[in-house]
Structure formats: structure tokens, C-alpha cells
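Geometric and topological summary
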There are 2 protein chains.
Amino acid sequence: MKRLLPDWLKHYRADKLSGDLTAGLIVTVMLIPQSLAYAMLAGLPPEIGLYASVLPLIAYALFGSSMTLAVGPVAVASLMTASALAPLAEQGSAQYIALAAQLSLLSGVMLLAFGMLRLGFLAYFLSHPVISGFISGSAILITVSQIKHLFGISSASPDVVGTLRDLITGLPQANPATTVIGLGTLVFLVMARKWLALWLQKLGLSASLAGLLGRLAPMAAVIASIAIVSGFNLAQDAGVRIVGNVPRGLPALQLIMPTSEGMAALWLPALLISLVGFVESVSVAQSLALKRQQKIVPDRELLGLGAANVASALSGGYPVTGGFARSVVNFAAGANTPLAGVVSALLMAVVIAAFTDLFYNLPQAVLSATIIVAVTSLIDVSTLKETWHYDRADAFSLLATLLGVVLLGVEAGVILGVALSLAALVWRSSHPHIAVVGRVPGTEHFRNIERHKVDTLPNLLALRVDESLFFANAALVQSKIETLVARDPNIRFVLLLCPAVNQIDSTALEALTQLQSSLQAKDIKFMLAEVKGPVMDRLQGTTLGQRLEGLIFLSAHDAFCYVGRQSPA
Amino acid sequence: MKRLLPDWLKHYRADKLSGDLTAGLIVTVMLIPQSLAYAMLAGLPPEIGLYASVLPLIAYALFGSSMTLAVGPVAVASLMTASALAPLAEQGSAQYIALAAQLSLLSGVMLLAFGMLRLGFLAYFLSHPVISGFISGSAILITVSQIKHLFGISSASPDVVGTLRDLITGLPQANPATTVIGLGTLVFLVMARKWLALWLQKLGLSASLAGLLGRLAPMAAVIASIAIVSGFNLAQDAGVRIVGNVPRGLPALQLIMPTSEGMAALWLPALLISLVGFVESVSVAQSLALKRQQKIVPDRELLGLGAANVASALSGGYPVTGGFARSVVNFAAGANTPLAGVVSALLMAVVIAAFTDLFYNLPQAVLSATIIVAVTSLIDVSTLKETWHYDRADAFSLLATLLGVVLLGVEAGVILGVALSLAALVWRSSHPHIAVVGRVPGTEHFRNIERHKVDTLPNLLALRVDESLFFANAALVQSKIETLVARDPNIRFVLLLCPAVNQIDSTALEALTQLQSSLQAKDIKFMLAEVKGPVMDRLQGTTLGQRLEGLIFLSAHDAFCYVGRQSPA
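Each value, and the rule that gives it
Residues numbered from 1 in each chain as written. Chains lettered and ligands numbered in written order. Predicted model: local features only at pLDDT ≥ 70, side-chain atom pairs only at ≥ 80, totals over all residues. Heavy atoms only, no water. Helix = DSSP H or I, 4+ residues; strand = E, 2+ residues; numbered from the N terminus. Rg over C-alpha atoms; globule rule 2.2 N^0.38 Å. Contact = heavy atoms within 4.5 Å. Areas by Shrake-Rupley, 256 points an atom, 1.4 Å probe, with all protein chains shown as cover. Lys, Arg positive; Asp, Glu negative; His and termini not counted. Charge placed at Lys NZ, Arg CZ, Asp CG, Glu CD. Polar contact = N/O pair within 3.5 Å; in protein donor to acceptor, adjacent residues only side chain to side chain. Buried < 20%, exposed > 50% of the residue type's maximum accessible area, 1.4 Å probe, protein only. Pairing = 2+ DSSP bridges. Domains from an automatic or database assignment. Least-squares fit on C-alpha atoms with pLDDT ≥ 70 in both. Patch = residues over 30% accessible without salt bridge, like charges linked within 9 Å, V, L, I, M, F, W, Y side chains within 5 Å. Salt bridge = Lys/Arg side-chain N within 4 Å of Asp/Glu carboxyl O. Buried area = accessible area lost by both parts, 1.4 Å probe. Disulfide = S-S within 2.5 Å. Right-handed = clockwise from strand over helix to strand, strands pointing away. Axes fitted to C-alpha atoms, helices over the stretch in contact; angles between N-to-C directions. Left-handed = near helix turned anticlockwise from the far one by under 90°. Nonpolar A, V, L, I, M, F, W, Y, C, P; charged D, E, K, R; others polar.

Considerations on the overall build of chain A
In terms of helices and strands, chain A carries 25 helices and eight strands. Relative to the globule expectation of 25 Å for 569 residues, the C-alpha radius of gyration of chain A, 31 Å, shows a markedly less compact shape. Structurally, chain A occupies a C-alpha span of about 105 × 60 × 60 Å along its principal axes. Residue pairs at least 24 apart in sequence account for 80% of intrachain contacts in chain A once pairs closer than 6 positions are excluded. Carbon together with sulfur atoms contributes 64% to the accessible area of chain A, which is approximately 24400 Å² in total. Within chain A, the 32 negative side-chain charges are centred at a point lying 6 Å from the centre of the 36 positive side-chain charges.

Considerations on the side chain of R464 of chain B
All names here are of chain B. By the element assignment, R464 lies in strand β5 (residues 460–465). Polar contacts involving the side chain of R464 include one to the side chain of D466, which spans 2.9 Å. With near-sequence residues (within four places) excluded, R464 lies in contact with H433, I434, A435, V437, L497 and P499.

A word on the pairing of strand β3 (residues 434–439) of chain A
Residues and elements named next belong to chain A. Among the six residues that make up β3, five are buried, leaving the element largely enclosed by the rest of the structure. Judged from the three bridges that link them, β3 and strand β5 (residues 460–465) form a sheet pairing that is antiparallel. Its bridge partner being in β5, I434 is matched across the sheet by V465. In the sheet, β3 pairs with strand β4 (residues 446–448) via three bridges, with the strands oriented antiparallel. Each bridged residue has a counterpart across the sheet, and for G438 the counterpart in β4 is R447. The antiparallel hairpin formed by β3 and β4 contains six residues in its connecting segment, where G442 sits at a positive phi of about 80 degrees.

Some words on the domain arrangement of chain A
A common way to state how big an interface is: give the accessible area lost once the parts meet. Segmenting chain A into domains produces domain 1 (16–211 + 228–423) and domain 2 (434–566). One C-alpha centre belongs to domain 1 of chain A, the other to domain 2 of chain A; they are set 55 Å apart.

Here's the deal with the relation of the copies chain B and chain A
Each copy superposes on the other: chain B lies on chain A with an RMSD of 0.2 Å after a rotation of 179 degrees and an axial shift of 0.0 Å. Both chain copies can therefore be described as sitting about a two-fold axis. Among all residues of chain B, the one whose C-alpha sits closest to the rotation axis is A500 of chain B, at a distance of 2.4 Å.

Some details on helix α25 (residues 556–566) of chain B
All of the buried residues along α25 of chain B are A556, H557, A559, F560, Y562 and V563 of chain B. Looking at the buried residues of α25 of chain B, the elements they touch are β3 (434–439), β4 (446–448), β5, β6 (493–497), β7 (525–529) and β8 (552–553) of chain B.

Examining a nonpolar patch on the surface
Residues and elements named next belong to chain A. Together, V161, L403, L407, L408 and L416 line one region of the surface with nonpolar side chains, adding up to about 480 Å² of accessible area. Sorting elements by how many residues they give to the nonpolar patch places helix α19 (residues 392–408) first, with three residues. Structurally, V161 is set in helix α8 (residues 160–170).

Re the pattern of salt bridges
On inspection of all chains with the given rule, the structure shows 14 salt bridges over all chains. Between D466 of chain A and R464 of chain A there is a salt bridge; the shortest N-O distance is 2.9 Å. Salt bridges sharing common partners tie together R464 and D466 of chain A together with K532 of chain B.

A short note on the interface of chain B and chain A
Tallying the contact residues gives 45 residues for chain B and 44 residues for chain A. Of the roughly 4300 Å² buried at the junction of chain B and chain A (both faces included), carbon and sulfur atoms supply 60%. For chain B, the biggest contributors to the area lost against chain A are Y124, Y390 and F471 of chain B; these three give 18% of the whole. Put simply, chain B and chain A have four salt bridges between them. The shortest N-O distance in the salt bridge between K532 of chain B and D466 of chain A comes to 3.7 Å.

Quick notes on the sheet that holds β6 of chain B
Sheet strands associate in pairs through backbone hydrogen bonding, adopting either a parallel or an antiparallel arrangement. Residue and element names in this part refer to chain B. Read from one edge to the other, the open sheet built from six strands follows the order β4-β3-β5-β6-β7-β8, with strand pairing classed as mixed. A single partner strand is all that each edge strand has here, and the edge strands are β4 and β8. With five bridges joining them, β6 and β7 adopt parallel strand pairing. Bridging from a neighbouring strand, L497 pairs with A529 of β7.

A look at the state of the cysteines
All names here are of chain A. Evaluated as defined, the whole model comprises zero disulfides over all chains. With no disulfide of its own, C561 lies 18 Å from the sulfur of C498, the closest cysteine sulfur. Overall, C561 belongs to the partly exposed group, its relative accessible area being 29%.

Looking at the pairing of strand β6 (residues 493–497) of chain A
All names here are of chain A. With five of five residues buried, β6 is to be regarded as a mostly interior element. The side-chain alternation of β6 yields two buried faces, one formed by F493, L495 and L497 and the other by V494 and L496. Where β5 lies against β6, five bridges are found, and the strand directions are parallel. The partner of L461 across the bridge, within β6, is V494. What joins β5 to β6 is helix α21 (residues 471–487), and the crossover it makes is right-handed.

Overview of the packing of helix α13 (residues 260–291) of chain A against helix α20 (residues 410–429) of chain A
All names here are of chain A. One can describe the packing of α13 onto α20 by two numbers: an axis separation of 11 Å at closest approach and a directional angle of 65 degrees. Considering how the two elements wind past one another, α13 and α20 form a crossing that is left-handed. Contacts from L268, P269, L272 and V276 of α13 reach α20 at E411, V414 and I415. For the contact of α13 with α20, the class distribution of residues is six nonpolar, no polar and one charged.

Looking at unusual backbone geometry
One non-glycine residue, N233 of chain A, lies in the positive phi region at around 55 degrees. Following the sequence through the fold, N233 of chain A ends up in the loop between α11 (217–232) and α12 (234–238).

This is the structure in C-alpha cells:
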């Protein structure tokens, strides 16, 4: 029995308790408005957000490897849920809610399977520019989708352009009381984020405490707005849209069986939510772990997040993952172990069991303002700038992913981004740097003849290819060499230096074999040098290997001497 | 005006004429049965195959760069046409014929556009194993689809398994006369391919003439079978299915406007037909050109094939490309210039204008036997064997493409193959070889400590990564180094040798920056050596570049000396 307990629980020390309790409490105060808001973003009733904030936290605490990651509903996964379910059912309907749980189950099972198969490395196929573009694009999409709630305007447009048009045409019909509350909350939250912590520090609080309290501004907005709406009866009298009835009581556990239609429609969104959620969680967890010299095990993270999503599905929730802001707060508030998450889960359970009535008069505009302030901080211009200066191809895939998400939707955007990353990789490898080289006088070193003063032999063409040889560059290398040979009738030897050739695939092998034949037909000897061990091992036994016997040299110098000996003085 | 003429025509010399005339005539004799057969394979009436054998040949002669490539209907493009049109219209219907022309137009326009944009290199993204698997898979698919005609059995199954089942259940109802003609022709053609040339040589003919005459066996079968069917009235009396009425007269030129539904359904098949056709044409043209020291210009080939397909569409044809067997015969028969193609085109035009009645009694079984014998020679087992020995990953993508084509269809198969090629590339690059290195005593060379006796310093970890650093391997390299560092508390310096690092993308830059930070936190100095010029240029100006100032060494030896100086004796 004790074996099944996670390490952190087996070795729990009492001195860690106060940190975990404090962090668990503070995260809960953040989590309440966020879980309500993100459920709204996902097109789900508010209680679903609360349900997704109990069992998933406990499941992650049992199986995950991060000491400080705070799991639960997050903005991007909520957006992806809404996008996946939009074509399948009406927002908020019973079928929609059931599909959200199925999506979470599918995603959880995939994550668990990846974890058991140790496929954590799959996440590395998403390059940073693609992830950055995806997050920024999602943040823009979310912001645009939430502005209407700030003004009490209705819009059912599925795309960004339509939503913006509805906003402009709908502005004259904006609800005045909603607009005051919405914009007021937005201004308050922005000010709080910018100055509250500084101001609290001036009042004498420590920097870290002030920083934490600054993070609780959304809860203050929630309480104040509920008080105002209740006090002035703004829901009835002024038409302010409110959260309304949130059912009290913990959700019954449900055993859901995925339907075959559900599976067919949801496997791709589930896969993308799993991958994106995993990548985000691991990078947050890793950066926090590094600060305390702790270690994240990616395959354990897959299990932790998988268990959390299965738990979410079973308790009537929707897809969850590790949240950036809450994890940072959890860390800063002194969380020592995942017990902090368990504390949050228990507090959330108490809220669901007894206090959901309190949210009746909470204006939707306040939730939207919370979402907008949370996600605009995710729009990452500095990475775009840095990438732009460092690597244009990467910057291009970042921008394409961002625009793809904004204009075509989250799924198309991330698929586009991955395709572009791969295309960039192949494109670069397909245009290798090829240098004609000669010997640095008095040494055994060979360098580019265009950059250095080097010795050459009139009947030798010596080249260095700075890339592995494979299908995308084989034909190019072959034709480059044939062009150089055709230009100079004195050439009797062609030497290819392979210090950077880590592999030769079968397409390239065929190209080299063809090249050797065509050179031989012109009475030119083809030679290799500095071939790596593993490449050499495979060359032996091939036709090319046999034809090149005695013509593969350990060093360029040896080949140079050989050509010198073969040539008439 | 003269400027617009192709070079071969401007500089035409009379001594080339006899070769071109002979080759044009011989290719025509091959082309007649093949164009009828491939039209049947594509699900089109026989005359469409004849139409596709006139103007496209002239268009290619004007724009292409190969002196000997024989353009026209080919087996694989015919199969792809049938597969693309199957879901859209009934075989042989007017709509089906119109869509075939649209497909040819789209493919032609794409090829022209690629040629003008100089995108010939795109073809290199299809690796040889994928192409080989695709061709072999198509040949199997075609063979299976044709067997029923040999026995006069009907089958409408769209897939291989269903067709084979229909064959077995239908065999008792086979038409006796058709079976005799079909199997007889098959045996004759196989024998002719194997022994006719040898036998002709024994009769005293030269090897090359005997080889050429051997290629004309299909025409002999056509003539003999027409005579037999006519003489014994087998079509009426014995139920032998015949080609029937082939309209006489050249096709009217038609201006076709692609419909938007056609475009939506056909763009992907058109793209695949274009790419596969282009790759096949170029490789045939290239191998023939090499034998005569001529040159193929891939971008000109795109223009030539594009013009041929547009011409085919305008004259009521269907997609065409360069055929393997006919090109080889064209070359062997002495074709000197594309005039041979023009001769073929004119002879075909004469056939269409005056002699189509002759084909009335041609049995379909003879055409099927022609197709089967032609395509089974394309099933390439030796490449599979060689690839299996040389490179398992390549062999796997060959087999997957082959099985994909046979079981899922031509389009799914080729997409699967390309995806697998890319995945194999990323997979290999994502698991780079990382060696811990030391100095070979008495030299400035550094080698793997597991393979060589080398000197090391107790406080230095020196590694060499044999791969560019990019998103798919950055995290792996980072964690490998951190694991090695964690294992040995004496380490104060980490040196990364980059002679094989051709690029560092922005994901890898971020990983190295993180690595440097985490090492610095442990009071360990991170150093680089043997960084290539272009990589170095980009590192400057980055945060990592600034932090590593003075710690990037020209050679591993320099870094080794530096660590020696820094260490207490």
C-alpha cells in the first residue's frame, strides 16, 4: 500500500506544511474566478469549471513529477474545447457538456498512453516559435471573443472578422450598466497588475507578499461586483447579464463511454489539446523546478496530466492542464509539495458543496475582464522580435502559426505551424553549404578557397559538404559537383570531404553511385575522405563502397598526397 | 519569330533526320496499343488515349529539355486519373471525360507555374524509396485491376481485396474464348520479352535491332488478335469483349474552363500526378541524357510537361507524362532530337484521321495483357532488397508506401510515404550522436573516450554533438548534458564541440541559453569550440553570445589549455 504513495507524501516533513497550506489557499482564491471564467470561455456552464478544479488537482498530485505545477482549467485549452465542440453541439446543451467530458477522457487516455510508451519526446516536435505563435494567436482570439461581454453585446460570429464587425455595429446598443462594470473591472485589473504590488510595498509589505496580494485583484473584483449588482438589483433593473444559478453540491462520479461518432470527431482536437497542454505544462514546471534545483520527468508529467484529465472527465469536468499564472503564484506563495494542490482541491470542494449561491449575481462582464487581462499577458511580442533578429525562417513560422490561429482557428493554426517547422528543416537541409577547399600551406588543414589562402592541385577538385546527405539534397549536391567538373577540363580527381556528413540515406547513396559512374565515364576518379565511422560501416557492402575501394581516405591530407603521387610531375 | 523556336530546331542538321524518323515510327507502333490500353485503364474511351498522343508530344518537343523523352499516356498517371475521378462521375460518361480533361489542365497549369517559379527542386522531396514503393504499389494495383479482363469477368470492386474476391468467385463464369485470347497474349508477350530478341539475334539480326523488334510484340498481338476475332466472328458468337467503335477524325480543340467544384475535388490529385509524373520523367530523361553527355534542365522539364498537359486538355485528352519504356525505345531506335516525338505525333494523327475502324475488333483482353506485361516489369524488388540491407528506415518507408498504395489507394499511399520520409528525417536528427571526448596524447586531436585512449581533465566535461541543433533535438541535448554534469561533482567546465553543427535554430538557442544559466548557477563554466562561421555570426548579438564572450574557442585544444590554466595545479 505504502508503495503506491508518491515520494513526496512518503517523505513528507511537517516543516513543509505551512508553505503548502498558504499556497493552496492563495491559489484557490485565484482559481475560483478563473474556473468560472474559463468554463464560460469554453461555452460550458460555470459549475463545470468548478468541477474541473477538484479531482484533477488530486490526480495530478498523485502521479505528476512537479512540486509546484498548478493544474486546472486554463485559457488556451478552454478555447480549444470551444473550437472542437462548436460544430458538434449547441454551447451549454447537455450534449455539449457530455462531449466536453469525452474530449477530456480522450485527451487523458492519450496522455496516459504516451506516458506509458515513454513518448514524452514527441512534445519536442513542436518548436518554440510554433508554440509562441500558437499561444499569442490564441490569446488574441480569446481577447476578441470576450470584448462583447464587456459591453453586453451579442455576437454569434464564429470568426474574428465577423466578431469585430458585430462589435462595431453593436456598440450603439451596448448595455450602459454592463459597460460601466466591464470597463471598470478591466481598468481596475490592469491598474492592479501594474501598480498594486508597488503600492502595497510602499505601505510596508514585503515585495513577495505584495506581489501575491496583487494577484488576488480578480477575487476583489468578483466580490465588489457581486455586492454592487446585488445592492442595486442591476440584473433585473439594468439588464446586466449575470452568472445566475450555479448548482450546489459535488458532482456525481460518472462512467462515460466514448461514442464512435465522438471519437471520430474528437481524436484530433484531443491530440492537439494533449500535446499543447503537455508542452505548456512541462515548460512551466521545468522553469520553476530549475529555480529550486528540482527535476521534472517528462514521462511522469504525461501520466500526471493524463490522470488529471481522466479524473476531470469522470467528475463532469472538461480538459485541464498546468496553468502558467497559477503555477507561478503557487511557487511564490511557498508551495513545497503537491499537497498545496490537494489543499486547493479540498477548498474548491467546500465552495462547490456550500457556497455556489454566492456567485448568482456575478456579472459575466467581470469574468470576461478577468480573462482578457490574464490572456493579454500571454501575447508575446518580445519572442517575435528576438526570433526575427536571430532566424527569419523561425520568425516566419511563428507569424504563420499566429495568423493561422487567428484567421483559420486553433487546430489549423497549430497544424500549419508544425508543417512549417518541418518544411523549414527540410528546406535548410536541402540547401547545404558546399565549399571548395584547399590545403593551408605547411599544415594538414583544409579550408574554403574563398576565405583562406590555400594550396590546390590543378587536377583535383576537393569539396566539403556541411550537411548529412539525404533525399532532399542528394540531387543538388550531385548536380553542383557535375557543374564544377564540367567547368574545368583539367580535373582528373574529385574529392568529397565528409566530416559533417552524419548519414547518407539510400537516395543519396544512389546519387553518389550515379555520380561515381558518370565521373568514371569521363576518366575522373571519385574519392571520399574523413568519412565518419557509422557512415563508413554502412558504405561497406554497397556497390559504391566496392567501387571506391582504396579511394576512401582517413584525412584530406592523405587524399592530397595520393593525388600528388598519381599525377605526372 | 526565330527566337521562339527551340534550340534543337534552330540548329537542326540533316544527318539527324534518319534517326529521328526511324525512332518516331517505332515509338508510334508501341504507342498505338499502349494509348488504347492506358485509356481503358483510366476508365476512358479508347480514342481519348489516341488524342493524348498527338498535341502533347508536339508541345513537349517545343518546350522540354530532353532530346529523347517520349511523352504520352502512361500506366501510373492513368491509374491516378481513374482513382481521382472514381468518386466524381461514372467511368466513360461525358462528365467523366470532361473531368479528365480538367485534371490534365490543372496538372499542366501547376507544372507551368512550378517551372516559372523555378520550383523544380520540389521533386527532390520525394525520396527514392517512396518513389520506388509508389511505382511498385501502383503496378500491383494495376495488375490486379486488369486480370479480370483476361478472363472476361466483371468486377466493380474499388479495392484490391474485393477485386481478388470477385476474381475467385467469378472464375467459373469466365468466358472461354476471352480466356484463350487473354492468357495466350499474356504468354506470348512474356515469351517475346524474354526470348524474342535473343531468337532474332540468332537469326542474324544485330543486338540493337533485335531488341527494338522485341519491343513491337504488343503490336503483333494486336494485329493477330484483330484478325482472329474478325475471322471467327468471336465478338458476336463467343462473347469476346472488344474495343468497339472508335470515332474517326481528329478531335476539335476545346477551351475548357475549370469549374469550382472540379478545382476543389481535383487540385490534390492534380498536384500528385504532376509531382509523380515530373519525378519519373526527369529521372528517365536524366539517365538517358547521361549516356550521351547531354543535360536535363529540371525547370525546363516542368515547362515541357506542363505544356504537354495543357495541350492534352485542349485536345480532349487526359494527363500525360514521360513514359519509361517508350523513352528507352526512342533512345535505342536512334532518336537525336524531339523531332522524333513530332514524327510520332503526326503518324498518330494520321491513324486517328483515317484508321480507327481497324481497332473495332480488338479484344480488351489483349490490351489488358499488354498493360500487365508492361507494369509488372515496374515492380522493383531489387531496390527493396538493397534498401533493406542499407537502411531499415528507408526500407520501411518504401514498404509503407507500397502497402499504402495497394490497400488505401494511390493518393493516400504517396502522402503516407512523404510523411514517413519526413518523420524519419526528423526522428534521426532528433537522436543525435553525442560523444564525450578527450585529447589524443601528444596531439591537438580530440576523440571519443569510448573508442580511443585519450587524456581528460578531471574538472572538464568535453562533448561533441554530431548534428545541427534544432527544435527536435535541443531538449534532448540539454538534458543529456545536465545528466552527465549531475553525475560528476568535480566538473567545473563544460565544453561543447560544434564541428558538425551547421545551424542552431531559435529553439536550440533558447535551450543552450537555459543550459548556460543552470550551469552558471552551479558555478560551472559553459564553453563552445569549433563553431562554424555562419553559426558564430548569428550567435553574436544574442544573450548567449554575450554571456559566452571569451569562452568560445577556435579549437578544442585552445579550450583544453584554457581549462588547464584556470585549474589549481
